[in-house]
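Descriptive structure summary
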6 protein chains.
Amino acid sequence: MIYITRKEQFSAAHRMYREEWSDEENLRVFGKCSNPNWHGHNYILYVTVKGEISEKLGLFINLTSLKQIIKEKIIDKVDHKNLNVEVGFMHGKVATTENLAISIWNELKPAVEKEGAFLHCIRISETENNTIEYYG
Amino acid sequence: MIYITRKEQFSAAHRMYREEWSDEENLRVFGKCSNPNWHGHNYILYVTVKGEISEKLGLFINLTSLKQIIKEKIIDKVDHKNLNVEVGFMHGKVATTENLAISIWNELKPAVEKEGAFLHCIRISETENNTIEYYG
Amino acid sequence: MIYITRKEQFSAAHRMYREEWSDEENLRVFGKCSNPNWHGHNYILYVTVKGEISEKLGLFINLTSLKQIIKEKIIDKVDHKNLNVEVGFMHGKVATTENLAISIWNELKPAVEKEGAFLHCIRISETENNTIEYYG
Amino acid sequence: MIYITRKEQFSAAHRMYREEWSDEENLRVFGKCSNPNWHGHNYILYVTVKGEISEKLGLFINLTSLKQIIKEKIIDKVDHKNLNVEVGFMHGKVATTENLAISIWNELKPAVEKEGAFLHCIRISETENNTIEYYG
Amino acid sequence: MIYITRKEQFSAAHRMYREEWSDEENLRVFGKCSNPNWHGHNYILYVTVKGEISEKLGLFINLTSLKQIIKEKIIDKVDHKNLNVEVGFMHGKVATTENLAISIWNELKPAVEKEGAFLHCIRISETENNTIEYYG
Amino acid sequence: MIYITRKEQFSAAHRMYREEWSDEENLRVFGKCSNPNWHGHNYILYVTVKGEISEKLGLFINLTSLKQIIKEKIIDKVDHKNLNVEVGFMHGKVATTENLAISIWNELKPAVEKEGAFLHCIRISETENNTIEYYG
């Protein structure tokens, strides 16, 4: 089994909050991340897929295909966007990096499998100091 | 002359646009950075000050003081904020990183000089690939 | 299961040696790391905890709590300190990064579990080129 | 169980292609990486070994030994070399990073085990954005 | 005056040598970088341009234009290429990073000036440890 | 004029203090950096030299020579050492990074000039967030 990790980046605005709560309640639970005027990050996204390499080619997935899948399914939908307002696959969810990782997993899994590979891990660094991982 | 550079980070939302223009006009000039729903970044701020060291102490500015100045004058005002809406020293300016660097220079200069040092450079990386420098 | 990794840093002096050995013996076994006059590092500490997110909040541990735990239990005790001389939880152990990782695991485990999460991994980079991981 | 990861770097030229195919066929399958005039990378190699530490020494493998093994078995053979033409353990294989990781695993395993440790993972970053992992 | 630095990357093969010298003579002068079978790097290119910002727009050069110029004039010509064999603007020059920086300066200067900006610096990191700067 | 920057690293212990002051007085002036039990850092040293390249060779200084000079004059004397106690060129000076940069400048200047190059800048990062530069 070989694992390939592709690193991509996107810049987005977000806010962590529950609509039915007051700003004060959201502030108490989510802290400064619940700022009603938004804030944002340069998110770094690492997508790890795995598979068994073909002896003939020495690889199991075409990196160009993988990049294209991540671009179409994720980057084009989140880069320079508002995660709460504009991103379909985040609708109805609190815009935490945790939920973002799970949603990106769900978006990418079928497309990666169609390429004959397995999705292994979604890792997202919200800042240099905070990183989330999800293995399905 | 010795130069000290202090690195800080903040996460903020912004939008590049001119209010009197339509969204289409702003999109034509500023591209995806003019998204009306905002986007955001982890900005990395490098503040460089210079001075002549005291032979007795082997330094010319107390790093704790410098950190405190940057925190009070800048980080507390921009971190987890919306640069267009919530940051006083950006009011009336297009929220480009260029304008941000100039504004931060103007905010920090008097406080740095009160410490007996000179402000030399404000450098801001908006993303890993785009960096602005301003020397006054 | 979601994994969160928090990155922190601290600067400390240390020396790898066994007291009952001569300096020559320590040098033979531990190399330049046994210098009797100490040396030091900027240690980078990665703490990974895991848990199942609450659907309501989209997270399972409050990052502010996690930061506070790591600060109180570890950083305040090791930053700008001598690992051999001043750090209670390293007493009686050779001050290797391996032992440091195990000791930090033991210090953090109960506090992390009190927050309803599981400690998953302690990773410490002593230099950019040498990294230790411990999974309990 | 403790894991140690040692990071090393080497710069090499390579080309992904199958000799029996035309340049056009190789271009179709391997893309720009099949350029007949070669291209190259600064490869970053992470070697992770694991073991149980001796209580007496607080470590299970001498880092100097590990560095020496990686230098002799790998770095001296690939640094400033052409992976297709000059590296014995890559002969007859397509010079993908996938195959490189597997080959390095095979080269290092016996030497690491002779030191009383276990080889756990070979990770190679071909560029900042593409990383391969192999666990045997 | 505001300075903008754009970071780009490319992977290329090269060899430092003078054709009229023997391999031994080249090895003596250029060391392992003269390997006749080539080697390669992930070059990191930093292009710094300067100008005075328009108060109306808060910037002096469109970053998209700058990226396009660097892509067309440089990256498309050097990425996944052999610097000695395939890059027109390096013909007849020893393929050192020094000469590469000067050549890239000469390629970019007219195009940057046509955008109303000034080229300030070409910086190239051949490896993490070796960086060249040229200011014209 | 071409500028070359060579990056090196060393790990050392140090303490900022004046011998004739009490621990309390040192603590008041130098903060936690005056810990009598020492602390330490992974210092990153950047040495920038400049010169005019020979057209024949495409370079003005042999990088191997430059590395050797830095190794002999600096790294061998400071790596895994105590800057206050064991480093001759720091004797009688407060062990600040500012003084370290000036001292390293003085140590390297004659040797760099003997190679026909000019020393341009000594840059030292004590931590990722604090960097000192000295230009002579």
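Residues numbered from 1 in each chain as written. Chains lettered and ligands numbered in written order. Predicted model: local features only at pLDDT ≥ 70, side-chain atom pairs only at ≥ 80, totals over all residues. Heavy atoms only, no water.

**A word on the pairing of strand β1 (residues 2-14) of chain E**
Moving residue by residue along a regular strand, the side chains alternate between the two faces of the sheet. Residues and elements named next belong to chain E. For clarity, the cut-off: Here's how the labels work: a residue is buried when its accessible area is under 20% of the maximum for its type, exposed when over 50%, partly exposed in between, all with a 1.4 Å probe on protein chains only. Strands here mean DSSP runs of E at least two residues long; helices mean DSSP runs of H or I at least four residues long; both are numbered from the N terminus. When DSSP finds at least two bridges between two strands, those strands are taken to pair.
Within β1, twelve of the 13 residues are buried, which leaves it mostly tucked inside the rest of the structure. As paired elements, β1 and strand β2 (residues 39-51) share 13 bridges and run antiparallel to each other. Note on β2: the bridge partner recorded for Lys 7 is Tyr 46. Judged from the two bridges that link them, β1 and strand β3 (residues 81-82) form a sheet pairing that is parallel. By the bridge assignment for β3, Ala 13 is matched with Asn 82.

**Considerations on the packing of aromatic side chains**
How two aromatic rings sit relative to each other is set out by the distance from centre to centre and by the angle between their planes. Applied cut-off: Classification of ring pairs rests on two measures: the distance between centres of Phe, Tyr or Trp rings, Trp counted by its six-membered ring, which must be within 6.5 Å, and the angle between planes, read as stacked under 30 degrees, edge-to-face over 60 and tilted in between. Definition used: whenever NZ (Lys) or CZ (Arg) falls within 6 Å of the ring centre and also within 35 degrees of the ring normal, the charge is taken to sit over that ring.
Following the criterion strictly, the structure yields 24 aromatic pairs over all chains and no others. Between the NZ or CZ atom of Arg18(B) and the centre of the ring of Trp21(B), over which it lies, the distance is 5.9 Å. Between Arg15(F) and the ring centre of Tyr17(F), over which it is positioned, the NZ or CZ distance is 3.8 Å.

**Quick word on the interface of chain D and chain E**
To be explicit about the condition: Should any heavy atoms of two residues lie within 4.5 Å, those residues are considered in contact. The buried area of a pairing is the accessible area, by a 1.4 Å probe, that goes missing from both parts when the two are put together, added over both. A pair is scored as a salt bridge if a Lys or Arg side-chain nitrogen falls within 4 Å of a carboxyl oxygen belonging to Asp or Glu. Distance and chemistry together define a polar contact, namely a pair of N or O atoms within 3.5 Å, with one atom able to donate a hydrogen and the other to accept it when in protein, and with adjacent residues in sequence counting only for side-chain atoms on both sides. Each residue receives one of three labels: charged for Asp, Glu, Lys and Arg, nonpolar for Ala, Val, Leu, Ile, Met, Phe, Trp, Tyr, Cys and Pro, and polar for the others, Gly being one of them.
On the chain E side, the residues contacting the 23 residues of chain D number 23 residues. Between chain D and chain E lies a buried interface of about 1800 Å² when both sides are counted; carbon and sulfur atoms form 43% of it. On the chain D side of the interface with chain E, the three residues burying the most area are Asn37(D), Asn42(D) and His80(D), jointly 32% of the side's total. The salt bridge partner of Lys32(E) is Asp79(D), with a shortest N-O separation of 3.1 Å. At the junction of chain D and chain E, the tally comes to 21 residue pairs in polar contact (both at pLDDT 80 or more). Secondary structure elements with two or more residues in the side of chain D that touches chain E: β1 (2-14), β2 (39-51), β3 (81-82) and β4 (118-127) of chain D. By residue number, the principal contributor to the side of chain D that touches chain E is β1(D), which donates five residues. Its residues assigned to classes, the side of chain D that touches chain E comprises five nonpolar, eleven polar and seven charged.

**Quick word on the side chain of Arg15(A)**
All names here are of chain A. Structurally, Arg 15 can be placed in the loop between β1 (2-14) and α1 (23-30). On the basis of relative accessible area, Arg 15 is assigned to the buried category, the value being 8%. Here Arg 15 is in contact with Asp 23, Asn 26, Cys 33, Ser 34, Asn 35, Pro 36, Trp 38, Asn 84 and Ala 95, once residues within four sequence places are set aside.

**Here we look at the relation of the copies chain A and chain B**
We apply this condition: When the copies are superposed, the least-squares fit draws on C-alpha atoms of residues that have pLDDT of at least 70 in both.
In the superposition of chain A on chain B (RMSD 0.0 Å, axial shift 0.0 Å), the rotation amounts to 180 degrees. Put plainly, the chains are arranged around a two-fold axis. Interface residue correspondence from chain A to chain B reaches 100%, placing this contact among same-surface, isologous pairings.

**Some remarks on the environment of Glu133(B)**
Looking at the secondary structure, you find Glu133(B) in strand β5 (residues 130-134). Taking the C-alpha atoms as reference points, Glu133(B) and Tyr46(B), separated by 87 residues in sequence, lie 9.2 Å from one another. Filtering out sequence-adjacent residues up to four positions away, Glu133(B) remains in contact with Cys121(B), Ile122(B), Arg123(B), Met1(E), Ile2(E), Tyr3(E) and Thr5(E). Within the structure, the side chain of Glu133(B) is placed 2.9 Å from the side chain of Tyr135(B), a separation counted as a polar contact.

**A short note on the relation of the copies chain D and chain E**
Look at the two chain copies: a rotation about an axis and a shift along it is all it takes to match them. Note on the copies: chain D fits chain E at an RMSD of 0.0 Å, the axial shift is 0.0 Å, and the rotation between them is 180 degrees. Most of the interface of chain D is mirrored in chain E, where 100% of its interface residues again form contacts.

**Thoughts on the arrangement of the chains**
Left apart from each other, chain A and chain E have a closest C-alpha approach of 14 Å. Regarding chain D and chain F, the two do not touch, and the least distance separating their C-alpha atoms is 14 Å.

**Topic: the interface of chain A and chain B**
Of the residues lining the interface, 23 residues belong to chain A; the matching set on chain B comes to 23 residues. With both chains or domains summed, chain A and chain B bury close to 1800 Å², and 43% of this area falls on carbon and sulfur atoms. Three residues, Asn37(A), Asn42(A) and His80(A), lead the burial of chain A against chain B; their summed loss comes to 33% of the area buried on that side. The interface formed by chain A and chain B holds two salt bridges in total. The interface formed by chain A and chain B holds 21 residue pairs in polar contact (both at pLDDT 80 or more) in total. Listed by contribution, the elements that provide at least two residues to the side of chain A that touches chain B are β1, β2 (39-51), β3 (81-82) and β4 (118-127) of chain A.

**Let's talk about the packing of helix α2 (residues 63-78) of chain B against helix α3 (residues 97-114) of chain B**
Residue and element names in this part refer to chain B. Put simply, the rule reads: Interaxial angles span 0 to 180 degrees and are taken between N-to-C directions of axes, which are lines fitted to C-alpha atoms, for helices over the stretch in contact. Each angle is binned into one of four classes, with values under 35 degrees roughly parallel, values over 145 roughly antiparallel, values of 65 to 115 roughly perpendicular, and all other values oblique. Note on convention: the crossing is left-handed when the near helix lies turned anticlockwise from the far helix by less than a right angle, right-handed when the turn is clockwise.
Two elements in contact, α2 and α3, have axes separated by 9 Å at closest approach and are oriented at 155 degrees. Comparing their axes, α3 and α2 come out roughly antiparallel. As α2 packs across α3, the resulting crossing turns out to be right-handed. Here Ile 69, Ile 70, Lys 73, Ile 74 and Lys 77 of α2 lie close against α3, whose contacting residues are Ile 104, Glu 107, Leu 108 and Ala 111. Taken together, the residues that form the contact of α2 with α3 break down as six nonpolar, no polar and three charged.

**Topic: the environment of Ile124(E)**
Residue and element names in this part refer to chain E. With respect to the helices, strands and loops of the structure, Ile 124 is situated in strand β4 (residues 118-127). Spatially, the C-alpha atom of Ile 124 lies 8.8 Å from that of Val 47, the residues being 77 residues apart in sequence. Residues within four places of Ile 124 in sequence aside, it is in contact with Tyr 43, Ile 44, Leu 45, Thr 97, Leu 100, Ala 101, Ile 104, Asn 130, Thr 131 and Ile 132.

**Regarding the environment of Tyr134(B)**
Position of Tyr134(B) among the secondary structure elements: in strand β5. In this structure the C-alpha to C-alpha distance between Tyr134(B) and Ser22(B), which are 112 residues apart in sequence, comes to 30 Å. Each residue touching Tyr134(B), except ones within four places of it in the same chain, is listed here: Ala101(B), Ile102(B), Trp105(B), His120(B), Cys121(B), Ile122(B), Met1(E) and Ile2(E).

**A closer look at the pairing of β5(B)**
Within β5(B), five of the five residues are buried, leaving the element largely enclosed by the surrounding structure. Of the strand pairs in this sheet, strand β4 (residues 118-127) of chain B and β5(B) are connected by five bridges, and their pairing is antiparallel. Bridge pairing in β5(B) links Thr127(B) to Asn130(B). In terms of strand pairing, β5(B) meets β1(E) through five bridges, oriented antiparallel. Along β1(E), the bridge assignment pairs Glu133(B) with Tyr3(E).

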